[in-house]
Amino acid sequence: MKRRSDRNRPERRKTRADPETGSIMSSMDDDASIMSDMSGISGISGISGMSGMSGFSFRGKKKKKKRRSSGASMADSVASFDFSDDDTIDTTQTPMPLKPVVPGEVNHIIEQRLDQVVSNENFLVLDLSKVELRPEDVDFVANALTRTKTLDNVILNKCRLRDDGLIKIAEALKKANLINLKSFSCRQNRIGNKGVQALAFLFEQSSTLEDVDLSENAISSKGAASILSSFHANPSTTLQTLNLSQNEIWDMDDGSFLRNNRTLKIFNLDGNFMHDEGAEQIASAIGENSNSQIEKLFLGWNGISDDGATALARMMELNSTLQVLGLAENDISNSGARAILSALAINTSVREISGLYHNQIDRKFIIVAIKRLLHRYGERSGNGISPTDEDPDHSDNSTGWAQQLYSDERHFDEKELEDDQGPSIALEAIEHWDWGTFGIEEIEASRHEPSTEAGAADGEATAVPKDLPQDRLTVFQSAPLAFFDRTSSEHHAVPIFDFEYEADAIDDALADKDDLGGVIHLNVENVTAGRFKVFFMQGISPIMHFSGIGQPDCVALENGFGYMQALPASDLKRFVKNGEGKVRVVVLNTCHARSMAESFLEAGVPHVICCQREAVFRDEGPTEFARGLYQALARDLTLKDAFNAGIDSVMRSTSAKLEGNINERFCLLPDKPADDPYHDVKVFYQSPLARVAPPPPIYASPLPDLPERFIGREVDMYEVLESLRVDDVVRIGGAPGCGKASVISAVSRYILERPKSFKIDSVFWLPAPEGTPVVEDEIYADLCALVDMTIECEDSVWEEEEFGIRRDRVTEALQDMRTILVIDGRMFTSEASGENLEMLLTHLLNEVSMKIVLLTAMEASKTSKTKTSRSEETMVNIGPLDLRASALLFGYLSDVVSASGNSIVHSAEEFADYIVPPASLKSMSMTENRNESRRYEKLHEMLGRGNPTTIASVAAEASEIDLRKILRYAKRPEVQVDSGNLLEDEIAKYSALKQKAIEGKNFARAKDYIETLEELESLRISFPTAENLEAKEQEYKAKFKEFLKAKKFSEANAMKKKILELKKAMLKEKHAKASEKAAAATPPKKSSTEESKSVSEVTSLVEQLKLNRSISTLDTSKSLADDAEDATLQIPRVEGSCALKISAGDVFDFDYSDGLSGFVCWSNESCDLTMGGMGPKVLEAGGNVFQEEVAALDAQATTEWGPVKCPTGEAVMVGPLTFSGLRSRFVFLAVGPLSPTNDDTEWDRANANALQVLEIELRASYRSALQHVSKSGVEAVCVPTLTSNPEGSAYERTLWVGLKTIIEEAKRTKLVELDIRAASGKEANLLIKMALGLGLHC
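Note that this is a predicted model, so its numbers are computed, not measured.

Caption draft 1: Geometry of the sheet that holds strand E20 (residues 607–612). The strand order E15-E12-E16-E19-E20-E21 describes an open sheet built from six strands, whose pairing is mixed. Looking at which strands have only one partner, the edges of the open sheet turn out to be strand E15 (519–526) and strand E21 (666–669). Shown here is a sheet whose adjacent strand axes are inclined to one another by a mean of 15 degrees, direction ignored. Pairing geometry for strand E19 (residues 585–590) and E20, over six bridges, is parallel. Of the residues in E20, the one forming a bridge with Val 585 is His 607. The strands touched by helix H22 (residues 593–603) within the sheet are strand E16 (543–548), E19, E20 and E21, with E20 carrying the most contacts at an inclination of about 165 degrees.

Caption draft 2: Representation of the confidence of the model for the chain. Residue-level pLDDT values for the chain average 76, and 76% of them are 70 or greater. Here residues 1–54 is modelled with pLDDT under 50, and outside its nearest four sequence neighbours on either side it reaches 165 contacts, counting other chains as well. Throughout residues 1083–1118 the model reports pLDDT below 50, and contacts reaching past four residues in sequence, or to other chains, amount to 53 contacts.

Caption draft 3: Quick peek at the packing of aromatic side chains. By the definition in use, this model includes 18 aromatic pairs. Taken together, a centroid distance of 4.9 Å and an interplanar angle of 20 degrees make the contact between Phe 625 and Phe 666 stacked. With Phe 625 in helix H23 (residues 620–634) and Phe 666 in strand E21, this residue pair connects regions lying 41 residues apart in the sequence. For Phe 625, a relative accessible area of 0% puts it in the buried group. Since its relative accessible area comes to 2%, Phe 666 is described here as buried. On the numbers, 5.7 Å between centres and 55 degrees between planes, the contact of Trp 798 with Phe 803 is tilted. Taking the relative accessible area as the measure of exposure, Phe 803 reaches 0% and is therefore buried.

Caption draft 4: Focus on the pairing of strand E12 (residues 470–477). With seven of eight residues buried, E12 is to be regarded as a mostly interior element. The sheet contact formed by E12 and E15 spans eight bridges and is parallel. Across the sheet, Leu 473 pairs through a bridge with Leu 522, a residue of E15. Bridge analysis of E12 against E16 gives five bridges, and the strand direction is parallel. Bridge pairing in E16 places Val 475 opposite His 545.

Caption draft 5: How the structure looks around helix H37 (residues 960–970). All of the buried residues in H37 are Leu 963, Ile 966, Leu 967, Tyr 969 and Ala 970. For H37, the arc enclosing every buried residue in end-on projection is 165 degrees, short of the 170-degree limit, so these residues lie on one face. H37 presents Ile 961 and Lys 965 as exposed residues on the side facing more than 90 degrees away from its buried surface. Those residues of H37 hidden inside the fold are in contact with helix H32 (883–893), helix H33 (908–915) and helix H35 (934–942).

Caption draft 6: Main features of the nonpolar core. The biggest cluster of nonpolar side chains holds 89 residues, and the ones touching the most others in it are Leu 133, Leu 161, Phe 184, Phe 267, Leu 297, Met 316 and Ile 353. Membership of the second largest hydrophobic core comes to 80 residues, among which are Leu 510, Ile 543, Ala 1127 and Val 1274.

Caption draft 7: Representation of the sheet that holds strand E36 (residues 1276–1280) within the structure. Pairing is mixed across the open sheet formed by seven strands, whose spatial order is E29-E30-E37-E36-E31-E35-E34. Both edges of this open sheet fall to strand E29 (1127–1132) and strand E34 (1211–1214), since each of them pairs with a single strand only. Strand after strand, the sheet turns through a mean of 20 degrees between neighbouring axes, direction not considered. Pairing geometry for strand E31 (residues 1157–1162) and strand E35 (residues 1226–1230), over five bridges, is parallel. The partner of Gly 1158 across the bridge, within E35, is Phe 1226. Sheet contacts for helix H47 (residues 1291–1306): E29, strand E30 (1137–1144), E36 and strand E37 (1313–1318); angle to E37, the most-contacted strand, approximately 170 degrees.

Caption draft 8: Structural context of the side chain of Asp 152. Position of Asp 152 relative to the elements: it lies in the loop between helix H3 (135–145) and strand E4 (153–155). Buried within the structure, Asp 152 lacks any salt-bridge partner; its nearest side chain of opposite charge belongs to Lys 182, at an N-O separation of 4.2 Å. If near-sequence neighbours (up to four positions away) are discounted, Asp 152 is found in contact with Leu 124, Asn 180, Leu 181, Lys 182 and Ser 183.

Caption draft 9: Region of interest: the pattern of salt bridges. Under the criterion given, the structure shown has 45 salt bridges. Between Arg 818 and Asp 331 there is a salt bridge; the shortest N-O distance is 2.5 Å. Taken as a pair, Arg 818 in strand E25 (residues 818–824) and Asp 331 in the loop between strand E10 (324–326) and helix H11 (334–343) lie far apart in primary sequence, 487 residues in all. Owing to a relative accessible area of 15%, Arg 818 belongs among the buried residues under this scheme. Among the ionic contacts, a cluster of salt bridges with common partners joins Glu 910, Arg 1259, Arg 1263, Glu 1305 and Arg 1308.

Calculation notes
- Residues numbered from 1 in each chain as written.
- Predicted model: local features only at pLDDT ≥ 70, side-chain atom pairs only at ≥ 80, totals over all residues.
- Heavy atoms only, no water.
- Pairing = 2+ DSSP bridges.
- Helix = DSSP H or I, 4+ residues; strand = E, 2+ residues; numbered from the N terminus.
- Axes fitted to C-alpha atoms, helices over the stretch in contact; angles between N-to-C directions.
- Contact = heavy atoms within 4.5 Å.
- pLDDT = per-residue confidence, 0-100.
- Phe/Tyr/Trp six-rings, centres within 6.5 Å; stacked < 30°, edge-to-face > 60°.
- Buried < 20%, exposed > 50% of the residue type's maximum accessible area, 1.4 Å probe, protein only.
- Arc of directions from axis to C-beta.
- Core = buried A, V, L, I, M, F, W, Y, C linked by side-chain atoms within 4.5 Å.
- Lys, Arg positive; Asp, Glu negative; His and termini not counted.
- Salt bridge = Lys/Arg side-chain N within 4 Å of Asp/Glu carboxyl O.

As structure tokens, this is what we get:
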């Protein structure tokens, strides 16, 4: 697609994104445009312009000025400064022979200039501009600098200098004590934070340094903060000019430098990422500094909108020294411009505000008013220019300029073309406005009928009764899409949480304002570091709810563009400190909430609530807690009472999982004794409701609906976003059914939800999604019509009259908008339609600021996503979902994966954990070029090969039998061996497990072990024995000698490599065998304490869950002793509760006389109760009736060893019958993964994956038993524990899983009483402590 040439096109910044930080690196390129042809639709391309954190990159238009306009004076100030005097040697005049630069040798130009520095004491200037400083050159410069004492000015512009080079130069300056420099310029290099931090000594100590130019580098916020804090620490600084333009700065220091500095006159921050938050910080600091000397402030190309402009206007009202303010290429609209105009009624020092025309101000008369007011002030001070100099169309014959300004509907820039009498009447009118109450809105409103509608305090449309108090709750949601993994050099997904579900739950909880007695306005935002800072400064809400992924040592935010950004604790403390206590409560719904809470407390937040969430799409626990908490706060309860209400809501919920100690998962900090009144404070309604500006209007055409569950596409979305930031045209390919449209629909929503980051005004989806109504008088109707005409026309449509009218109308409407067009190219099937589309898009790309996303029918060339870039067009292929994402999607869409279906998995997350255990997922994500196992490939195939459409079809058709097949195959372990010895060990292990399963009559389990053994046996060919390796080595050596003798040296070298690889394999085998012998020779220690410490994957659960806390600490009723071995606790439910009795003993002690009862008996898969445990005793007590019922149970499968009546993880019911020796009428036979004799020891040596499977199957067996209990209608049931060996390291984990499952399942039953029988008093005591830790009470 071709673009027309544009002589006024600005210089372009070629951009590249740092893969680790996501930040943009830039350099200037004089090439104005790139022309590219296209054949049909496949070659659409566009032009990329400046790309940065302030938004997407859009091409420059004719109206745009060059990027460096506002900063040119500063940027050139150091370079053009006349450093010479009578004694100065002009190095530029020194004749230098043109000698070639020899690698490894010092550049002769550098050598000559540095010789002058060293040898001439009057030498004041070192200028190495445009001379590349290679490592050897840097060393020479550093060495020379240590031998000179006379330099005043150092200029190192455009030297390709990096951090390591600048650090060496800085160390040399420090060593030579050259702190008396007057200027230091290091423009257009590759300097980052480390480089400028090395200059801190100069900034902190110099009393002569006046000019510093570090523009066009890669300095980020951390580096900028270092620079400013260093100058702030220098009481003798004389700094006058600081140029940090075209870097990567989004935040400064805490404002201390600008708030206290008395010397700085020129500050250039053009081309950074300051946004409104940075502008507000700078404006606040300068406004508070009564001694500020600032004269020129450049903030162009920073994504500043109306909030930032308003802050700058307030600063202008307070400041009396500022003369020039640069605001080119920002996003200021009419509202911000009005604020600046109003401020000029007070400020009389400002002479120039550049770049306003290059913003989003459509009321051009405001800009003209500002210009003329500035002109008048200039005339008064004697520095003004004549009207004819400023405006060639100016005339002295206009009348009523101010009156015409507000009485004509036309834009004022159109009226400027007409004759007028001059500015005298106009300026007189402006000067007599009531500036205290001036507002363009009031003047415009006088032309219309007054509105009778009353808006809410902050723009919400909700009608609020006057007698109800109001307040606001701010919910920040951090949804980064990806992070960069150093080990694999790849971007990895950051799982997206179900933020919409959480926000809807909170909104529903606060909806009934009459019942609550107050109105809480819910403000939900996506949060970046800048927004975080502004929130604490503004204090628009007394409470902040933060929901996100969380990290142990920082707050994990999004950078606004999909990348994960870590907010260090130091920055957090600074933000909170600047807020001066306006935010009283912070609620953290994150992973690692406790460690994050400490940062907030240290920063000065009075109250912090931790909600430790799991890293799953939807965690019901914190959501239930939020419902209870905010309802109670809205009812004007104290924070302590509201916190307890949240806990009670969790405990009564049937959907909330019990994960860990409830007192650790939900906690109110700082910790205080129960009778301490510190948290007895009310939060809402304590101060008037602050007003907030409504969000800017965003126009979006109807987008295709997202699937019910949109999972596993985070990295794909990030790839598309990054491509859009660089290129104008992005093509999306992939196999049919991979979800291309869903990905782009999600990307569109992500962009529209972040208008301040992406700076997009509109997204249009073409053709319109099926069933979408299109309003004829809207721009979208014209776009749809144009696209329909291009599809339907069999020839060129360009000259048709209706097409031309609509095309021109669209072009005009989009002139002042930044737009994304999403084109479903799969609809353009003919050659004519492709050519018509090409012409249309070429026209739009040349005329308006636009990005194009083109969906194609092309299949991906690889099984994984790929990204290729050609010129200004990017191709992104959407590949298949990985296994875990496929399992999640299947679990969400399948009806059989639910609480009413299979007992093994009750949710999509449980299903995904069973398919891909978390430990396995971690190892796979950290391994580059992972070879997928047979298990992985088979499960991926069974679930639809990662194609979302196929997965949805498979899930919809899956039956309970299909699910059982998938789960049975998933039980197979991931076979991971890397040596023959390890392979033999695995074969021996599973052979022993198979034999044990057969002996224990767990025949289905034995079949699973046989399948694993078959896979292991198939790997023997990949791991030959040591004898085979030695024979192969002798064969290779013989061939090597033959090649040498025949002088076939290339073949000999190849054979030598094979011999070396073979030796490595042999050494690996020998090492594995030696390790095995050493382990066998070392007897295991008998100390269970030492043994458990050595097994890191199964660390003592008592420590993990804080169960070592005393019972008196956990039980506020003080009714239990620390060594209690029996207790009756209450399991709360939505209605009433269930009594949980814990004691030592067996089921024969259980006696419930008030109704039907039953008990659980642990068995094997053949339901043969003669094998041990409590089975023989139950069989005897049940008598003939019971024995006959057990024998008559149907076989679910037959094997060569015997029948399978109840597979592992399930249960069967026997009853209701009257048994001769049993008090209960029901017996529930359950089969767990452990022996009924509670003496299994192999789990103590199991890896994390095996323990995960153990936990799932153990949970399933308890679940299945209690599901049968619920169906039976019994009122009471007795459940004995099933554990591994009590002396082993896995024992407490198995005990914990059983207790947690029992409590969760009991909430779904109508049981009156549930008894747990422990194997010993010690075990009963531990169970009681665990139950108290889960929040149960007596």
